[in-house]
Amino acid sequence: MIQGVWSIYKRELRFFFQSASTYVVLGLLFLICGTIFHQVTFEFVNDSAMAQAGGPFGTADKAPNINVAVIEQIFRLISAMILFIVPILTMRLIASERSGGMFEVLVTCPIDDWSIILGKYLALVTVGCVIVALCSIYPIGLWVVGRDQGAVPDLGIVLSACAGLLLIFAAYGAFGLMASAATQSQVTAAIVTLVGLMMWAAISEFHMPNAAIQRVTDELSAAHHTENFITGFVSLRDLSFYFIASFACLFVSARVLEARRWKV
Amino acid sequence: MNVKPLVSVNPADAPVEIAPAPESTPMIEAVALTKVFGDLTAIEDVSFTVGKGELLGFLGPNGAGKSTTMRILSGFTPASSGRAVIAGHDIQSDSFAARRALGYLPESAPVDLASTVTRFLSFIAEIKRLASSERATAVDRAIEECGLGEVRGRLIGNLSKGFRQRVGLAQAILGDPEVLILDEPTVGLDPRQITEIRRLIKDMAGRRTVLLSTHILPEVQLTCTKVIVINRGRIVASGTPDSLVSRIDDRHPIIATVEAEPARAQQLLECVEGVGRVELDRRLGVRRATFHVFCVPDASGRAPADPRPAMARAIVEAGMGLVELSQPGVTLEDVFMHAIADPSPGGDGSGDDEAAQEANVTVASSEEDSRPAEESQDS
C-alpha cells in the first residue's frame, strides 16, 4: 500500500513540476497577488502616516492594524484565487489516465484504488504546500521592512492564515480529484470543479428565509470556515470541517474508480 | 471445469517464481463468461482454457466481444456471470495474486505522453512490485526485448505509433508475467513493424502463456497455436489453425476447368468414383467451363481418397481438354467468414471434434463464389 502510494506520488509530482500549466498558474497567481499586495501595503502606509499626523482626517486611535489592513486582505485574496487555481491543477489527475488508456494498465497492475487516489492527492497537497510557502513571501516582506518601524505582522495570525490556505486548498483539491475521477475529459472535469467550488464557497452568500437555514448554509460554506483562520482564529470545528470534507471527496473518488468493478 | 490451485503467490517476494506447472494446467480459464451492458449482451457464455505455454488467438470482427472478454480476463471489469481464472487465481476474488501473474496490453496502447520510455517502464516496474534491486534489470530486459533501445531516453509523446505500441508491449511483459493478454497488439502498425511484433510474440510463447486478439487472419495463422473465433459475443469455432482448416478442407470443392461441351463434361465428371456433386461454376466461351466438384463423404463422414487422378484420367480418356484441376487450400479466412456468417453458434469452445462437426465448420464458400445451393446444405 505505502509503496504503491509512494510510486504514484512521485510520478504525479513529476507531472506537476514538468507541466507548463503549473508554472503559468503560479505565475498568474503571484502577478495578481503582488499587484494587490502593493496596493494594500501602500494604502496601509498612507493611512498610518495620516493617523500619525493627526488632524481632521485621522487620529492616533484610528491607526490601521497591519494584520487587518494587509495580512487579512492578502490572504483572503489568495484563498479566493485558490478556487480558480485548483480546477486547473486537478483536472488532469485522473481524467487524463482514463482518456490515455493508462487507466486500464494502472488498475490491472497489483495496486489498489486507494493507493492511486492517495498518491495523486498527496502530490496535489504537496503542490499546495509549495504555493502556501511561496505566499509567505508577503508577511516576510512586511516583517523585513516594518521591523524598524515596529509595524510587524503577528506571527500567530500569519501561521493560522497559512494553515487555513492549505486546508482550503486540500478540500478544494479533493473535490477536484473527485470530479476528475468521474469524467473522461479534462475540460469537463475543470468546469465541473470550478462550478462546484463556486457554489460550495458561495452557498452562505444566498439569503435564506430563516436564520436556522442560514446558519446551516453558513456552516456548509467552504469560504466561511477559512475566514476564521485568516483572522487568526483556529477552532476544532473549522479543522474538522476541512478534514471531513476532504475525506468525503476522496472516499467518493475511490468509489468512482471502484465502480467499474460493480456488476450491473 | 475444476481449477488446480497453483502455488500461491507471496506478495512479499517479487518477481514471483511459481513452481513449474504440469503441461495440462490451464493458465487462463474462462468459465461461462457473460457480460451484459443494459439490454446489450456483449458476450454470452464464453468458455475456454489456455494451457501453459500456449498462444491463443482470439479472432473476430470488430464489435464481436474480443475486448470485452479480455477486459474481464484482465480484471478491469467483472463479468455479469461466469468466472475468470488467471494462473489459478480468480481474477475477482483473488485479484491481487492474479494481477501479479498478468501482463495486459489494453486496446488503446497506454501512453504516458509526458514520460520517457525508461521512466515510464520504471514506474510500471514499481507498481508491479518488482523488488527494487531487480527493477533496473527488468526494465532493461523489456526495452531490449521490444527493441526500444534507441528511443529509451525519448518522451513517449514524441514516438511513432509503432514505438508506442512496443512501449505498451514492454510494460506488459515487464516483470516476466506468466500470462500475457494482448488486445490487438499489431493494430495501427506498418507491415514491417507488424512482422517484428509477431516475431516478438512468437518468441514469447512457450515461456509465457499468451492470449492475443486480432481481426487480422494471417496473424493468427502465423503466430498462434490455438484459435477461437468469436462473433456477436459467442464462440463460433475453436481449435488449432490447422484443424480448423482441415475440417473445412474435407468438403472443399475441387476446381476443374475442362475444354468440352459443358453438359457432357459435367455428366462425365459425375460418373467418376468418389465424386458426389458437380456444379457448373462458369462458362468460359462455348467449349470451356469451370466446375466445382464435391467429393462424397464416406460412412465416417470423412472424404475418400483424392479423386483428382481418376478425374484427370476420365477427362483425357474421353478426349476432352483438361485445363485445370486443383483444390485451393482453405485459409483461415474461409473458416472465419464461414463461422461469422452462420447465425447459429456451433462450437462450445472445448475444441473437441464433435463440436467441430457442427455447423460452424461445414463447407465454406471459397473466396470467389457463394452459392445458395451450398448454404441450404448447411442447415
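Residues numbered from 1 in each chain as written. Chains lettered and ligands numbered in written order. Predicted model: local features only at pLDDT ≥ 70, side-chain atom pairs only at ≥ 80, totals over all residues. Heavy atoms only, no water.

**A closer look at the overall build of chain B**
To keep it simple, the criterion reads: By the criteria applied, helices consist of DSSP H or I runs no shorter than four residues and strands consist of E runs no shorter than two, each listed in order from the N terminus. The buried label applies to any residue whose accessible area, calculated with a 1.4 Å probe on protein chains only, is under 20% of its type's maximum; exposed applies above 50%, and partly exposed to all values in between. Note on definitions: a residue-residue contact is assigned when non-hydrogen atoms from the two residues lie within 4.5 Å. To be clear on the numbers: accessible area is Shrake-Rupley with a 1.4 Å probe, and residue cover counts the displayed protein chains and nothing else.
Within chain B one finds 13 helices and 14 strands. Here chain B holds 379 residues, and 53% of them are scored as buried. Of all intrachain contacts in chain B linking residues separated by at least 6 positions in sequence, the fraction that spans at least 24 positions is 69%. A total of about 16100 Å² of accessible surface is found on chain B, and carbon and sulfur atoms cover 51% of it.

**Some details on the interface of chain B and chain A**
Applied cut-off: Once two parts are joined, some of their accessible surface, as seen by a 1.4 Å probe, is lost; buried area is that loss totalled over both. The salt bridge criterion pairs a side-chain nitrogen of Lys or Arg with a carboxyl oxygen of Asp or Glu, the two atoms within 4 Å. Any pair of N or O atoms that falls within 3.5 Å is considered a polar contact. Within protein, one atom must be able to donate a hydrogen and the other to accept it, and sequence-neighbouring residues count only if both atoms are side-chain atoms. Under the scheme applied, nonpolar residues are Ala, Val, Leu, Ile, Met, Phe, Trp, Tyr, Cys and Pro; charged residues are Asp, Glu, Lys and Arg; polar residues are all the others, including Gly.
Each partner contributes residues to the interface: chain B has 32 residues there, and chain A has 27 residues. Note on chain B versus chain A: buried area summed over both sides is about 2700 Å², and carbon and sulfur give 55% of it. Counting the contacts that link chain B with chain A gives two salt bridges. Linking Glu104 of chain A and Arg71 of chain B is a salt bridge whose minimum nitrogen-to-oxygen distance equals 2.9 Å. Viewed at the interface, chain A and chain B are joined by 10 residue pairs in polar contact (both at pLDDT 80 or more). It is helix H3 (residues 117–127) of chain B that provides the largest number of residues to the side of chain B that touches chain A, a total of six residues. When its residues are assigned to classes, the side of chain B that touches chain A shows 15 nonpolar, eight polar and nine charged.

**Some words on the sheet that holds strand E6 (residues 102–105) of chain B**
All names here are of chain B. Quick reminder of the rule: When DSSP finds two or more bridges between two strands, those strands count as paired. Only the contacting stretch of a helix is used when fitting its axis, a line to C-alpha atoms as for every element, and angles between N-to-C directions run 0 to 180 degrees.
Ordered by their spatial adjacency, six strands build an open sheet running E6-E7-E8-E3-E9-E10, and the pairing between neighbours is mixed. This sheet does not close on itself; its edge strands, each paired only once, are E6 and strand E10 (234–239). Averaged over neighbouring strand pairs, the angle between their axes works out to 15° when direction is ignored. One ladder, built from five bridges, connects strand E7 (residues 179–183) with strand E8 (residues 209–214); its direction is parallel. Note that in E8 the partner of Leu180 across the bridge is Val210. Against the sheet, helix H5 (residues 161–173) makes contact with E6 and E7, and its axis sits at roughly 165° relative to E6, the strand it touches most.

**Thoughts on the pattern of salt bridges**
Residues and elements named next belong to chain A. Applying the stated rule across the entire model yields 22 salt bridges over all chains. Taking the shortest distance from any N to any O, the salt bridge between Glu12 and Lys120 comes out at 2.7 Å. Taken together, the residues Glu12 in helix H1 (residues 2–18) and Lys120 in helix H6 (residues 113–135) connect sequence positions 108 residues apart. Here the two residues Glu12 and Lys120 agree in accessibility, since each one is buried.

**Points about unusual backbone geometry**
Residue and element names in this part refer to chain B. One non-glycine residue, Ala87, adopts positive backbone phi at about 50°. Among the structural elements, Ala87 can be located in the loop between strand E4 (81–86) and strand E5 (89–90). Non-glycine residue Asp176 carries a positive phi angle of around 55°. Classification of Asp176 by relative accessible area gives partly exposed; the value is 38%.

**Quick look at the pairing of strand E2 (residues 40–51) of chain B**
Residue and element names in this part refer to chain B. Sheet topology places strand E1 (residues 26–37) next to E2; eight bridges connect them, and they run antiparallel. Directly across from Ile28, in E2, lies its bridge partner Val50. With antiparallel pairing between neighbouring strands as the criterion, E1 and E2 make up a hairpin whose turn holds two residues, including Gly38 at a positive phi of roughly 60°.

**As for the packing of aromatic side chains**
Residues and elements named next belong to chain A. Operational definition: Only rings of Phe, Tyr and Trp enter the pairing, Trp through its six-membered ring, and a pair is recorded when the two centres are within 6.5 Å. The plane angle decides the type: under 30 degrees is stacked, over 60 is edge-to-face, the rest tilted.
Under the definition given, this model contains 12 aromatic pairs over all chains. Taking 6.5 Å as the distance between ring centres and 45° as the angle between the ring planes, the aromatic pair formed by Trp114 and Phe251 counts as tilted. Separated by 137 residues along the polypeptide, Trp114 in helix H6 and Phe251 in helix H12 (residues 236–258) bring together distant segments of the chain. For Trp114, a relative accessible area of 25% translates into the label partly exposed. With relative accessibility at 36%, the residue Phe251 sits in the partly exposed group.

**A look at a nonpolar patch on the surface**
Residues and elements named next belong to chain A. Going by this rule: Exposure above 30% relative accessible area and no salt bridge define the residues that can form patches, which grow by joining like charges within 9 Å and nonpolar side chains of Val, Leu, Ile, Met, Phe, Trp and Tyr within 5 Å.
Taken together, the side chains of Val24, Leu28, Leu31, Ile32 and Ile36 define a hydrophobic patch exposed on the protein surface, amounting to about 430 Å² of accessible area. Position of Leu31 among the secondary structure elements: in helix H2 (residues 20–53). On the basis of relative accessible area, Leu31 is assigned to the exposed category, the value being 57%.

**What to know about the packing of H2 of chain A against H6 of chain A**
When two helices pack together, their arrangement is given by the angle between their axes and by how far apart the axes lie. Residue and element names in this part refer to chain A. Counted only if it meets this: Every angle not falling under 35 degrees, over 145, or within 65 to 115 is termed oblique; those three ranges are roughly parallel, roughly antiparallel and roughly perpendicular. Handedness of each helix crossing follows the sense of rotation of the near helix against the far helix: counterclockwise by less than a right angle gives left-handed, clockwise gives right-handed.
Taken N-terminus to C-terminus, the directions of H2 and H6 make an angle of 25°; their axes are 12 Å apart at the nearest point. Relative to H6, H2 is oriented roughly parallel. With respect to the hand of their crossing, H2 and H6 are arranged in right-handed fashion. Here H2 contributes Leu26, Leu29 and Phe30 to the contact with H6, which in turn contributes Ile131, Leu134 and Cys135. Split by residue class, the contact of H2 with H6 holds six nonpolar, no polar and no charged.

**Notes on the pairing of E7 of chain B**
Both faces of the sheet carry side chains from a regular strand, because those side chains alternate between them. Residues and elements named next belong to chain B. Stated precisely, the cut-off is as follows: We call a crossover right-handed when, viewed with both strands directed away from the observer, the connection leading from the first strand over the helix to the second proceeds clockwise.
Burial runs high along E7: five of the five residues are buried. Neither face of E7 is left uncovered, since the one carrying Val179, Ile181 and Asp183 and the one carrying Leu180 and Leu182 both have all their residues buried. By the bridge criterion, four bridges tie E6 to E7 in an arrangement that is parallel. Paired with Leu102 across the two strands is Val179, which belongs to E7. After leaving E7, the chain enters helix H6 (residues 191–204) and then returns to the sheet as E8, a path that is right-handed.

**Some points on the nonpolar core**
Under the convention used in this document: Here, nonpolar core means buried Ala, Val, Leu, Ile, Met, Phe, Trp, Tyr and Cys residues that are tied together by side-chain atoms lying within 4.5 Å of each other.
If you look at the biggest cluster of nonpolar residues, it comprises 125 residues, and the most contacted ones within it are Tyr172 and Trp200 of chain A together with Leu148, Leu182 and Val229 of chain B. Ranked by residue count, the leading element in this core is helix H8 (residues 155–182) of chain A, at 16 residues. Not counting residues within four places of it along the chain, the set of residues in contact with Trp200 of chain A comprises Ala171, Tyr172, Phe175, Leu220, Ser221, Ala222, Phe241 and Ala245 of chain A.

**Brief notes about the environment of Trp6 of chain A**
Residue and element names in this part refer to chain A. With respect to the element layout, Trp6 can be found in helix H1. Given a relative accessible area of 46%, Trp6 falls into the partly exposed group. For the pair formed by Trp6 and Ser115, sequence separation is 109 residues and the distance between their alpha carbons is 8.4 Å.

**Observations regarding helix H3 (residues 66–90) of chain A**
All names here are of chain A. Let me state the cut-off plainly: A helix is expected to span 1.5 Å for every residue after the first. Throughout, the bend at a residue refers to the angle made by two axes, fitted to the seven residues ending there and to the seven starting there.
Taking 1.5 Å as the rise per residue, H3 with 25 residues should run 36 Å; its terminal C-alpha atoms sit 34 Å apart, in good agreement. Helix geometry: H3 is bent most strongly at Phe84, by close to 35°, with proline Pro87 lying one to four residues after it. For H3, the side-chain oxygen to backbone nitrogen distance between the N-cap and Asn67 is 2.7 Å, and the N-cap itself is Asn65.

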